[in-house]
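Examination of the molecular architecture
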Amino acid sequence: IAAIWMQARLGFHTDVSWLLTLNERLLAGEQLYVDLLVVNPAMPVWFYRIPVLVAQLTGIRAEIVLHFMIAVTAIGSYALTAHLLMRAKLIDTAQSIWLGVILVSLLYVIAAYTFAQREFIGLLGLLPWLAMQAWRAKVPQAKPDWHLVILCGFGCAAMVLVKPYYVLTILAPVAVLCVLQRSL
């Protein structure tokens, strides 16, 4: 709780602040890649549009809205990851609690400087997908529910959309699964 409080008081990394400012300027009428030069793909810019829009509608600072949105996303990512790992019987309930403690420690305390950066958001999206791949590696005949597959696919897509070259981090688990299942 102290780490979250301190983080909210210290502010975001300059990249995150720039993406929020960029969206404020875009909503004011400037054009991306015309008036505002950005070297990154457009998708990360659009991810940060939501907190700016909510801030404009409610009067709450965009930083507070973003912090809340990331916290909700982190809780959802943890819940889905723990659910998948427990269904795969890779962890039990007690271990899922420790997984939560470890993720909070890693994501909110140790990685506080990178909180809310696009890599951070991508990691939150990737964790459930990795859990599903672990499940499929442990039980090759497992057939996860279609809605879980779609949710995990969206999370994995978020990782690639915010940092396109991060597709290489996805290639390794897929290659291992292909080898284990003897499938192209």
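Just above, that's the structure.
What you are looking at is a predicted structure, and each value in this text was computed from that prediction instead of being measured.

Thoughts on the packing of aromatic side chains
Summed over the entire model, instances satisfying the criterion amount to one aromatic pair. Measuring from centroid to centroid gives 5.1 Å for Tyr165 and Tyr166, while their planes differ by 85°, and the two rings are edge-to-face.

Some remarks on the state of the cysteines
On inspection of all chains with the given rule, the structure shows zero disulfides. Looking at Cys156, it has no disulfide partner, and the nearest cysteine sulfur is the one in Cys152, 9.1 Å off. What makes Cys156 buried here is its relative accessible area of 10%. With no disulfide of its own, Cys178 has Cys156 as its nearest cysteine by sulfur position, at a separation of 13 Å.

A closer look at the nonpolar core
Soluble globular proteins tend to pack their nonpolar side chains together in the buried interior. Core analysis: the biggest nonpolar cluster contains 27 residues, and Leu22, Leu66 and Ile70 have the highest contact counts within it. Listing elements by their share of this core, those giving two or more residues are helix H2 (14-27), helix H4 (49-58), helix H5 (62-87), helix H6 (93-110) and helix H7 (118-138). In contact with Leu22, other than residues within four places in its own chain, are Leu32, Leu36, Val38 and Val45. One finds Leu80, Ala88, Ala131 and Ile170 within the second-largest nonpolar core, a separate group that totals 16 residues.

With respect to the layout of surface pockets
Of the pockets and cavities examined, the largest pocket occupies roughly 460 Å³. Lining the largest pocket are 21 residues, and of these Thr73, Ile121, Leu124, Gly125 and Ala158 sit closest to its centre. When contributions to the lining of the largest pocket are tallied by element, the ones reaching two or more residues are H4, H5, H7 and helix H8 (146-162). When residues of the lining of the largest pocket are assigned to their parent elements, the largest contribution, eight residues, is made by H5. Classifying every residue of the lining of the largest pocket by side-chain character gives 16 nonpolar, five polar and no charged.

A closer look at the environment of Leu80
Relative to the helices and strands, Leu80 is located in helix H5. Here the alpha-carbon distance between Leu80 and Cys152, two residues 72 residues apart in the chain, equals 8.7 Å. The residues touching Leu80, leaving out its near neighbours within four places in the chain, are Pro128, Leu148, Leu151 and Cys152.

What about H6?
Over its 18 residues, H6 extends 25 Å from the first C-alpha to the last, a length consistent with the 26 Å expected when each residue adds 1.5 Å. With a side-chain oxygen positioned 3.2 Å from the backbone nitrogen of Ala94, the residue opening H6 is Asp92.

Section: the pattern of salt bridges
Per the counting criterion, the structure on display carries four salt bridges. For Asp145, the salt bridge goes to Arg87, with nearest N and O atoms at 3.3 Å. One end of the pair, Asp145, is in the loop between H7 and H8; the other, Arg87, is in helix H5, and 58 residues separate them in sequence.

Here we look at unusual backbone geometry
The residue Tyr33 is not glycine, and still its phi comes out positive at about 70°. With respect to the helices and strands, Tyr33 occurs in the loop between H2 and helix H3 (42-47). In this structure, Lys89 is a non-glycine residue whose phi angle is positive, near 60°. Relative to the assigned elements, Lys89 resides in the loop between H5 and H6.

Side note on H8
The first and last C-alpha atoms of H8 sit 24 Å apart over 17 residues, in line with the 24 Å expected at 1.5 Å per residue. For H8, the set of buried residues is Leu148, Cys152, Gly155, Cys156, Ala158, Met159 and Val162. End-on, the buried residues of H8 take up no more than an arc of 145°, which puts them together on one face. Exposed positions of H8 whose direction lies more than 90 degrees from the buried face are Trp146 and Phe154. Along its buried surface, H8 packs onto H3, H5, H7 and helix H9 (167-180).

Rules and cut-offs
- Residues numbered from 1 in each chain as written.
- Predicted model: local features only at pLDDT ≥ 70, side-chain atom pairs only at ≥ 80, totals over all residues.
- Heavy atoms only, no water.
- Phe/Tyr/Trp six-rings, centres within 6.5 Å; stacked < 30°, edge-to-face > 60°.
- Disulfide = S-S within 2.5 Å.
- Buried < 20%, exposed > 50% of the residue type's maximum accessible area, 1.4 Å probe, protein only.
- Core = buried A, V, L, I, M, F, W, Y, C linked by side-chain atoms within 4.5 Å.
- Helix = DSSP H or I, 4+ residues; strand = E, 2+ residues; numbered from the N terminus.
- Contact = heavy atoms within 4.5 Å.
- 1 Å grid on protein atoms, 1.4 Å probe; cavity = no way out; pocket = protein on both sides within 12 Å on 5 of 7 lines; lining within 4 Å.
- Points joined across faces, edges and corners; volume = space filled by probe spheres on them.
- Nonpolar A, V, L, I, M, F, W, Y, C, P; charged D, E, K, R; others polar.
- Expected span 1.5 Å × (residues − 1).
- Polar contact = N/O pair within 3.5 Å; in protein donor to acceptor, adjacent residues only side chain to side chain.
- Salt bridge = Lys/Arg side-chain N within 4 Å of Asp/Glu carboxyl O.
- Arc of directions from axis to C-beta.

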